[in-house]
Amino acid sequence: MRFVWPRITVSGLLIAMLAGGAAAAALASGAAEAAPWNLQPAASKIAADIHGLHEYVMLLVTVIFVGVFAFMFWAIYAHRKSTGHKAAHFHENTTIEVIWTVIPLVILVVIAWPVTKTVIAQKNTANPDITVKVTGYQWKWGYDYVKGEGEGISFVSTLSTPRDQIEGRAPKGEHYLLEVDNEMVVPIGKKVRVLTTAADVIHSWWVPVFGAKQDAIPGFIRDLWFKAEKTGTFRSQCVELCGKDHGFMPIVVRVVSADDYTRWVAEQKKISAAIADDPNKSYALDELKARGEKVYAANCVACHQSTGKGVPPAFPALDGSKIVNGPKSVQMALVLNGKPGTAMAAFGTQLNDLELAAVVTFTRNAWGNRAGEAIQPSEVKALRK
Amino acid sequence: MSAVLDDHGHAHDHHGGYGGIMRWITTTNHKDIGTLYLWFSFVMFMVGGVMALVIRAELFEPGLQFVNPDFFNQMTTMHGLIMVFGAIMPAFVGFANWQIPMMIGAPDMAFARLNNWSFWILPFAASLLVLSFFMPGGAPGVGWTMYAPLTVQMGMGMDLTIFAVHLLGMSSIMGSINILTTILNMRAPGMTLMRMPMFVWTWLITAYLLVATMPVLAGAVTMTLADRHFGTSFFNAAGGGDPVLYQHIFWFFGHPEVYIIALPAFGVVSQVIPAFSRKPLFGYASMVSATTGIAILSFIVWAHHMYTVGMPVTGQLFFMYATALIAVPTGVKVFNWVATMWKGSLSFETPMLFAIGFLFLFTMGGFSGLVLSLAAVDIQLHDTYYVVAHFHYVMVAGALFAAFAGVYFWLPKWIGRMYDETLGQWHFWLTMIFFNVTFFVQHFAGLAGMPRRIPDYPLMFETWNKISSIGAFGFGLSQLLFLYIVLKAIRSGERAPQRPWEGADSIDWTMLPTPAPYHTFETPPLIK
Amino acid sequence: MAQTAYSSTPQQHYHVPQPMPWPIMGSAALFLMALGATFVFNDSSGGWISIAFGFMILLYMMFRWFGDVIRESEGGKYGAREDLSFRWGMSWFILSEVMFFFGFFGALFWARVMSVPDLSSLLHNEMLWPGFKDLWPSAGPGFAEKFTPMGAWGVPAINTLLLLSSGITLTYAHWGLVNNQRGKLNLFLFLTIVLGATFLGFQIYEYGHAYSELNLKLTTGVYGSTFFMLTGFHGFHVSLGAIMLTVILIRCLSGHFKSDHHFAFEAVAWYWHFVDVVWLLLFVVVYWL
Ligand code: HEA
Ligand code: HEA
Ligand code: CUA
Ligand SMILES: [Cu+2]
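Cut-offs applied
Residues numbered from 1 in each chain as written. Chains lettered and ligands numbered in written order. Predicted model: local features only at pLDDT ≥ 70, side-chain atom pairs only at ≥ 80, totals over all residues. Heavy atoms only, no water. Donors = N, O, S within 2.8 Å, 3.2 Å for Na, K, Ca; no water. Helix = DSSP H or I, 4+ residues; strand = E, 2+ residues; numbered from the N terminus. Tetrahedral: all angles 85-135°; square planar, octahedral: opposite > 155°, others 65-115°. Buried < 20%, exposed > 50% of the residue type's maximum accessible area, 1.4 Å probe, protein only. 1 Å grid on protein atoms, 1.4 Å probe; cavity = no way out; pocket = protein on both sides within 12 Å on 5 of 7 lines; lining within 4 Å. Points joined across faces, edges and corners; volume = space filled by probe spheres on them. Nonpolar A, V, L, I, M, F, W, Y, C, P; charged D, E, K, R; others polar. Domains from an automatic or database assignment. Contact = heavy atoms within 4.5 Å. Buried area = accessible area lost by both parts, 1.4 Å probe. Salt bridge = Lys/Arg side-chain N within 4 Å of Asp/Glu carboxyl O. Near = heavy atom within 4 Å. Polar contact = N/O pair within 3.5 Å; in protein donor to acceptor, adjacent residues only side chain to side chain. Patch = residues over 30% accessible without salt bridge, like charges linked within 9 Å, V, L, I, M, F, W, Y side chains within 5 Å. Areas by Shrake-Rupley, 256 points an atom, 1.4 Å probe, with all protein chains shown as cover.

### Side note on the coordination of the iron atom of ligand 1
All names here are of chain B.
Move 1: Looking at the iron atom of ligand 1, one finds just one donor atom contributed by the protein, His390 (NE2), at 2.2 Å.
Move 2: Between the iron atom of ligand 1 and the copper ion (ligand 4), a spacing of 4.6 Å is present.
Move 3: Along the chain, the position of His390 falls in helix H14 (residues 385-415).

See the structure below:
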């Protein structure tokens, strides 16, 4: 039995080159936009360290790789049967086996040393200037500035890319899927400690340019830190599968100068004072419905949809729902406390009394639901323990 | 692979019983069962592959085109589960069934009846997985790792998946007990442990890993089931539990699992490379110890999948060092393979091409694994497409390529006919090229920051995803060629000579006729 | 068929059983039960029927399959080589069982050493779980009701004694078998089963007590979860062991087994001892410490 390997192999190599060429061409055409192929430029020392490590390790393994496979390809070329090469019969050699066990070991130690230093630095979250608690919700991020300048600021950050762009009815904007309504703002050169947690399932908060990634685990607080060395707006996404809209909960951090930061803090305080809702006031039905529609759009559409039809059976319709058309206290309690074990979160921790009253009023009077009755913030307040 | 001829004419009591389909359902013959495993695995590969194509089609360009995000997650989950538990693992169990008795001089597997059960659980488990798509809420969209507490939110499909995992685990455990017992107790006289072909060694260790880890996975999904339905709090902080506990238990299984996938592949390659180098395997003893070393280390590295859960720094460092250490025994293997080729008399039939492809690409996957093992760097790469690229290099270019090598290598022995060499070479080159087109670019997407398990992505990742999707369809189509080659060999392949591969010297080649008779070694051979 | 034949002289013919339909029947049974359980857990109708149907098939299949095995065994089909296979097989099976329990012990360890202390750390007290203290047994920071943990020195201690003595009686029974004292064999085997059944009775009582008086339930946070899952799976294993012992007793009474050829007996004995050891661990880490 004889095999005609060279012909096929040569044609194989030809195909390989063609395909490589095609890929390169595709690349070049795409490269008008310059497809990024490496880690994003660092904006913190840790990230720079990581990039350095990555390059260093890549260099080492490339050298090893080329070395090892130079031998293999040389054997493929020189020790072919078709050129009449006769097989040798050796099958062990203790010296060489010891060598190629020990050398990799040494290389690993060489790699491990600088990595260890970076790991220790990454983990050192002590003495921050500013502490921010970041809470993952399905599917948005909550930010609470808990210590340092800006203490008390609190907001929720949701994807602001319109559905039309996602569903292809409108051209996609520059920051498609990487834009939010409220950006996290931090000052440059300050050590920021981020406490991560989650309200429902595990999410993961990541800003590549800071080399900072930490899972947000429901019921636990974990932390990370970064110190931004560049101003600018940095974008990223949730990186732990968290259900339906895992791909749609971006993280956007704006790094500003110390002065701008102070200004931003003042502004935020003013806004929150202005919109401070008075839970004891009484509102008219239409007022509540209008407000509720906004709250609904920001908090509920992801699951129950703007049509109120939901995505049954995972996410029930509110339009025509027994609960929404039933006793109001039942519905208020449900929205307030959520339903454990389902995606329906306890919105009592995310929304204030007026917002809750408004959104419940809205759902009871939207689509085909016709309760015709307003729910006042004071009623929600009473339901809270 | 079917229709094994029995050219022993002698009357024999085991032949009675069933014909037609019932023969396959009731068989206790290791070769029949091996065949069943292999066909099952191929069908599952198609199913899982089609799911991969759905994923790749959706990711061809930004925006939502074909499937909704929920369904996308279900595709990812089922693709992972089906490929790992349905395609790759059964493929190697199929090889084990065919080859181990023949390679050690045994009449059959130690527990032939149990062997049948191990196989016949699989189609039922697979049906449970597929049925989950038809439950209200569909299949679970939680990833093949099934992290809590997302699993608690899922519908009935999750329960079916949990039970499927239980069944798959039972099958694996019973199959492994069988393999362990066969290897330990059924060797022909003179077939000492250190004379066994490398493939048998790798399966001995793999089966041990399976027996030790599958029950742990069963425990993990059982706790998930309890948290879902019985109000327990294993993974719920409010009750004093911890979602991260699930990850520890899962990866305690999950990391050995990746070597369960890799080790038999190493075994196949360790048979193929010497055969086509016409030279004995270099460093047999060190291969055995490296395999053992990998298996031992695999139990203490699991948390390298969890560098971002917030472990204390000592934990990060411990798991990082232990993980990186695995490069040493794996390196020993790579070097031994290259040394086997060195000064051999090499020829490049399809099995050898796939083995070389394996060697080259698996090492690349190993190196990206090493990059990931460095905790500091993994912080950037965890849960990005870099990881996806890494594990397809080790699992597709690693395990799947080795499985192809094994089929081409052993098919003549099994059916007594040769495959079409020209087509085989085409299959290799197409597979090789499209594999790299599909997965090499994913490294870039990952480095640049593309998260995994997303149905839609920011514009900057478009180029890589386009290339990858094109590659995936090419890769998938190329596998139809494989099916054709195998069918053609079975129908009309040339008659295979007794020993089609000059350098193959294990006793299945040297002491048995080709094709292998239905019953082999009913009286044990004496190994010199 | 002398016992010394194991490895020195090769056995000429290894028993490879006939083709048979039992395995696929077992698979179908498991499939039906899984499907049924899914429906039951999700309050869909028809689940119980599927479970019952599957269970009946499973019983039938076991009955026939084991029947075949017993017939083959008594028919002298199993020589020393087969016997050794069974020994290896059973040993690996027990290892897999050990690993199954290992996962649950791991969960208990994690709750006690990692998650409960972590949830009660200063940071967590401040941000999420005010006032939660690191005390074991704990049902977690979100659990409001009072409950009483299960003490070690009442029923559990008695149960420890019961299981330990059952190990001894089983060994006596084995001696009886080996020395061809069938009366002793039957008596002590019977005693073992009685001890096992008593253990189970006490455990049922203990569960009832926990639910009705201690307010200790499966839903009592991570303490309740680990307590009931660990002891529950153990109890399940004791039940299986007791059933298997009963089958063995019936076989003994009908004159099966020889003094030098009785692996089925030994396999069940190994299993029983394994269950025993698990209980000792449970007693120490679940009840006592
Ligand atoms: C066949 C399966 C297989 C194999 C063999 C491997 C092998 C390795 N894997 Fe991989 N891995 C997976 C399958 C596999 N992996 C899967 C499926 C996942 C993702 C799971 C999921 O999340 O869904 C994963 C994820 C994964 C992660 C987690 C990434 C993340 O989620 O953030 C890490 C991190 O450490 C890792 C590391 C390694 C290492 C160090 C090896 C080593 O064994 C590699 C060793 C080999 C070499 C290094 C090359 C040869 C060596 C030499 C030539 C010697 C000289 C070399 C040096 C001195 C450097 N893998
Ligand atoms: C050994 C296991 C294995 C194998 C063989 C494969 C094979 C492939 N995988 Fe794999 N993959 C995993 C294991 C595997 N995968 C795992 C464990 C995950 C993680 C899941 C998770 O995140 O939970 C994953 C995730 C994963 C992702 C990431 C999904 C995400 O994060 O959302 C992607 C994306 O490209 C992908 C692609 C592919 C492709 C294109 C193939 C191809 O090689 C498949 C080729 C095969 C076929 C296509 C079928 C055969 C051909 C036909 C049926 C003919 C018809 C074909 C045409 C008409 C073209 N896989
Ligand atoms: Cu939140 Cu993914
Ligand atoms: Cu791993």
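Structure shown, so let's carry the discussion forward.
### Overview of the coordination of the iron atom of ligand 2
All names here are of chain B.
Move 1: Every protein donor of the iron atom of ligand 2 is accounted for by His79 (NE2) and His392 (NE2), and the metal-donor separations fall at 2.0 Å.
Move 2: Around the iron atom of ligand 2 sit 6 donor atoms; with metal-centred angles ranging over 87 to 179 degrees, the donor geometry is octahedral. In this pair, His79 sits in helix H3 (residues 69-104) while His392 sits in helix H14, placing the two residues 313 residues apart along the sequence. For the pair formed by His79 and His392, the shared burial category is buried.

### Concerning empty space enclosed by the protein
Residue and element names in this part refer to chain B.
Move 1: Tallied over the full model, the rule gives 10 cavities of 30 Å³ or more.
Move 2: Approximately 220 Å³ is the volume found for the largest cavity.
Move 3: As for the largest cavity, its lining consists of 17 residues, of which Leu38, Ser41, Phe42, Val407 and Phe482 are closest to the centre.
Move 4: Among the residues forming the lining of the largest cavity, the class breakdown is 16 nonpolar, 1 polar and no charged.

### So, the domain arrangement of chain C
Residues and elements named next belong to chain C.
Move 1: Domains assigned within chain C are domain 1 (14-78) and domain 2 (81-288).
Move 2: Across the contact, 7 residues belong to domain 1 and 8 residues belong to domain 2.
Move 3: Summed over both sides, the interface between domain 1 and domain 2 buries roughly 750 Å², with carbon and sulfur atoms accounting for 57% of that surface.
Move 4: It is Tyr14, Glu74 and Tyr78 in domain 1 that bury the most area against domain 2; as a group they hold 69% of the surface buried on that side.
Move 5: The tally of links between domain 1 and domain 2 comes to 1 salt bridge.

### Quick look at the site of ligand 2
All names here are of chain B.
Move 1: Around ligand 2, the structure places 33 residues, and the nearest of them are Arg56, His79, Trp144, His392 and Arg453.
Move 2: Between ligand 2 and the protein, one listed contact pairs an oxygen atom with a backbone N or O atom of Trp144 at 2.7 Å.
Move 3: Measuring from a nitrogen atom of ligand 2, one finds a side-chain N or O atom of His392 at 2.8 Å.
Move 4: Contributions of two or more residues to the shell around ligand 2 are made by helix H2 (30-58), H3, H14, helix H15 (421-448) and helix H16 (462-492).
Move 5: At 8 residues, the largest contribution of residues to the shell around ligand 2 is made by H2.
Move 6: Here the residues of the shell around ligand 2 sort into 22 nonpolar, 8 polar and 3 charged.

### Quick look at the interface of chain C and chain B
Move 1: In this assembly, 68 residues from chain C lie in contact with 73 residues from chain B.
Move 2: Taken together, the two surfaces of chain C and chain B that pack against each other cover about 5,800 Å², and 74% of this comes from carbon and sulfur.
Move 3: Its largest share of buried area at the contact with chain B, chain C owes to Phe41(C), Trp92(C) and Trp110(C), together 11% of the area lost on that side.
Move 4: For the pair chain C and chain B, the number of links is 1 salt bridge.
Move 5: With a shortest N-O distance of 3.0 Å, Arg113(B) and Glu72(C) are connected by a salt bridge.
Move 6: Linking chain C with chain B are 17 residue pairs in polar contact (both at pLDDT 80 or more).
Move 7: Sorting the residues of the side of chain C that touches chain B by element identifies helix H1 (22-41), helix H2 (47-74), helix H3 (80-119) and helix H7 (221-253) of chain C as the ones contributing at least two each.
Move 8: Counting residues per element, the side of chain C that touches chain B draws most heavily on H3(C), which supplies 22 residues.
Move 9: Class assignment of the residues belonging to the side of chain C that touches chain B gives a composition of 44 nonpolar, 21 polar and 3 charged.

### Regarding a nonpolar patch on the surface
Move 1: Nonpolar side chains collect at one region of the surface, where Tyr56(A), Val98(A), Val102(A), Leu105(A), Val106(A), Val110(A) and Leu325(B) lie side by side and expose about 530 Å² of accessible area between them.
Move 2: Of the residues forming the nonpolar patch, the biggest block, 5 residues, is contributed by helix H3 (residues 94-123) of chain A.
Move 3: Inspection of the secondary structure puts Leu325(B) in helix H10 (residues 313-325).

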